[in-house]
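Next come the chains, spelled out residue by residue.
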Amino acid sequence: MAMAAASSSFLAPRADALAGPARRGARRVVARRPLTVAASKGEVTLLDYGAGNVRSVRNAIMKLGFTVKDVTTADEIMAADRLIFPGVGAYGSAMDILKQRGLVDPLREYCASGKPFMGVCLGLQLLFDGSEESGGVEGLGIIPGMVRKFDAPDLIVPHIGWNTLDVKKNSGLLKDVPPGDRLYFVHSFRATPEPNNEDWILATCDYGGEFVAAVQKNEVCACQFHPEKSGARGVGIFKNFLEGNVRETTDAVVKSSAVGTDVGLARRVIACLDVRSNDNGDLVVTKGDSYDVREKDEGGDVRNLGKPVELAGKYYEQGADEVAFLNITGYRDLPLTDAPMLEVLRRSSETVFVPLTVGGGIRDFTDSNGKAYTALEVASAYFSSGADKVSIGSDAVYVAEAFYESGGVKDGTTSVEQISARYGAQAVVISVDPRRVYVSDPSETKNKCVATNKPGPNGEQFCWWQCTVKGGREGRDIGAYELATAMEALGAGEILLNCIDEDGQGNGFDHELVGLVSDAVSIPVIASSGAGCPKHFTDVFEATNCSAALAAGIFHRGEVAISEVKAHMKSENVPTRM
Ligand code: 1PR
């Protein structure tokens, strides 16, 4: 399983997923100005079978001065001089598509020919004999071994984030990745090193045990991590591949653990951009206090803290591990083709080579022209515009309510299930917008309570966190704990846990809330709302099991740079990608 959605090409995406708006989005992409006008350094053949996001791979190739040729016939695989295969989606459906299009044998022959090949994520896994994903599926059988789910006890899965490599042999491909550096992974299944595939293993990574992070035999290479999402270092890996600098040598390699103790999966720092139109109709990054984003003076306009694409670029340069865009007026029924976030994503993905999440308005709806969209179509349009993950807010609350009402039935029809099934759990983030509710006794609510260290206004000793919809405008009778556990059961891959009480306050994250939810689920939890200084990040990482922490106001107002947060984390021995 890999990252999300694509435009493109030879292999038609499923009609249900890319009907209407997404197809229009894809056409628009083709018509756009090329990223480079300088003479091309050469042509790269891209096997994009239309199941996920390969826009960043395209953008990385073009940024490096090469042009992309899409595979449109099976013959073009053998005719390629260099082939990149950024496998996306689920293992079973990827193999089905390759079989339907007659690409299995051409791919095997191409790899056997020894011409340059680069697989990414699922593009690595498919080289193996098979995978237990999708109920056990045969792969291309080029590398011996099976791909299996991460299975160590208490492991947070998917494995999402920046992790260190242990390089096993010296190759030009990874020559610019110093020991101890981190690259971006996102997957739930992995291959492991075995005696019969030892000759392929270029690098491994440790997450609940050692797994295969990169393989190489002569010119045939593949990475489980995403070079196109691993910042400048990752783009450099593509550069080495494209320029033919992949020669293996017998020089000794240095283990990451030999250069320091900061190894393993890093805790992530995420910059969040709340985006909406101001009263003049300009798209701005805004930020409020407890979700009120208007200036305090009478008739105050929406607070304007900058332009989305520029700020995303700035945070990327400062070292953000991910960038999230939340369309905070996504509850409005705009025609999808007018959704301003599509263009924000397209432009951001040209320069920002870390994961991009987009939220706001991911749901079934009928626009003002009477055109109906499914949540899957909306998500597909975002993926094909450059999003790696979509974040679902209000709709997740309605889905969870129905889930409990039905006694826990999963019928596969909900937005969460459909997007997860098509794009993988790691592409589905649930954005939770809860508010603290005090009670004197847990019996006063059906929702999970905690004994709080911050008693209520009337001395109440217990509280729960009430989920809201429509950007905090409406409270529902379901708690953050109940929402998160239902979403994990339905196939979500990550929880973005906001807190309306702490939003914009600068008093630190709500550890009681983050602790409650991160202990309740085994998918990654992103703590959000309340960061006021670098110490608040280390505090929440120390106090809870959250995998990442997100902030907005302190970054937008220039009070703290992301690099300062990272430096502080490093000084406190929190695993950090520098
Ligand atoms: O319900 O699926 O359409 O999604 C709407 C999305 O927009 C949700 O993810 C919801 O969280 C977000 N949203 C809606 N209204 C607001 C608002 O502020 N009026 N923003 C809003 C949510 C909260 C965080 C914020 C952190 C960190 N913003 O994302 O960035 O609290 O802020 P801080 O560091 O300054 O404290 P749907």
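In case you missed it, the structure is sitting above this.
Values in this document were obtained by computation on a predicted structure and should not be read as measured data.

Caption draft 1: Up close: the pairing of strand β5 (residues 128-131). Pairing geometry for β5 and strand β7 (residues 143-149), over three bridges, is parallel. Bridge assignment links G130 to a residue of β7, and that residue is M146. Of the strand pairs in this sheet, β5 and strand β6 (residues 137-138) are connected by two bridges, and their pairing is antiparallel. For S131, the partnering residue across the bridge sits in β6 and is V137. Remark: five residues form the turn of the hairpin made by β5 and β6, two consecutive strands paired antiparallel; S134 in that turn has positive phi of roughly 60 degrees.

Caption draft 2: Highlighting the site of the ligand. The ligand sits among 24 residues. The nearest are S394, S431, D433, D503 and S529. In the environment of the ligand, an oxygen atom lies 3.4 Å from a nitrogen or oxygen atom belonging to the side chain of K287. S529 places a side-chain nitrogen or oxygen 2.6 Å from an oxygen atom of the ligand. The fraction of the free accessible surface of the ligand (770 Å²) that becomes covered by protein chains is 98%. When each cavity is represented as a set of grid points, the ligand is found to reside in the largest pocket. Within the residue set of the shell around the ligand, elements represented by two or more residues are β17 (268-277) and β31 (548-551).

Caption draft 3: Quick peek at the sheet that holds strand β12 (residues 189-191). Ordered by their spatial adjacency, four strands build an open sheet running β6-β5-β7-β12, and the pairing between neighbours is mixed. The open sheet terminates on both sides in strands that have one partner only, identified here as β6 and β12.

Caption draft 4: Local environment of the nonpolar core. Residues F325, Y382, I419, I430, M487 and F537 are the most contacted members of the largest nonpolar core, which totals 167 residues. With seven residues, helix α11 (residues 375-384) is the largest single contributor of residues to this core. Setting aside residues up to four positions removed in sequence, F537 forms contacts with V269, F509, A531, A549, A551, I554, F555 and V565. If you look at the next biggest cluster of nonpolar residues, it comprises 10 residues, including A324, L326, A548 and L550.

Caption draft 5: Inspection of the packing of aromatic side chains at higher detail. Tallied over the full model, the rule gives 14 aromatic pairs. Taking the centre distance of 5.1 Å and the plane angle of 35 degrees together, the rings of F365 and Y373 count as tilted. Since its relative accessible area comes to 9%, F365 is described here as buried. Between the aromatic rings of F383 and Y423, the centroid separation amounts to 4.3 Å while the plane-to-plane angle is 50 degrees, which identifies the pairing as tilted. Highlighted residues: F383 in helix α11 and Y423 in helix α13 (residues 415-423), separated in sequence by 40 residues. Taken as a pair, F383 and Y423 share a single burial class, namely buried. The ring of Y423 is capped by R422, whose NZ or CZ atom sits 5.3 Å from the centre of that ring. For K448, the ring lying beneath its charged end belongs to Y481, and the centroid distance is 5.1 Å.

What counts and how
Residues numbered from 1 in each chain as written. Predicted model: local features only at pLDDT ≥ 70, side-chain atom pairs only at ≥ 80, totals over all residues. Heavy atoms only, no water. Pairing = 2+ DSSP bridges. Helix = DSSP H or I, 4+ residues; strand = E, 2+ residues; numbered from the N terminus. Near = heavy atom within 4 Å. Polar contact = N/O pair within 3.5 Å; in protein donor to acceptor, adjacent residues only side chain to side chain. Areas by Shrake-Rupley, 256 points an atom, 1.4 Å probe, with all protein chains shown as cover. 1 Å grid on protein atoms, 1.4 Å probe; cavity = no way out; pocket = protein on both sides within 12 Å on 5 of 7 lines; lining within 4 Å. Sits in = over half its atoms within 2 Å of the grid points. Core = buried A, V, L, I, M, F, W, Y, C linked by side-chain atoms within 4.5 Å. Buried < 20%, exposed > 50% of the residue type's maximum accessible area, 1.4 Å probe, protein only. Contact = heavy atoms within 4.5 Å. Phe/Tyr/Trp six-rings, centres within 6.5 Å; stacked < 30°, edge-to-face > 60°. Lys NZ or Arg CZ within 6 Å of the ring centre and 35° of its normal.

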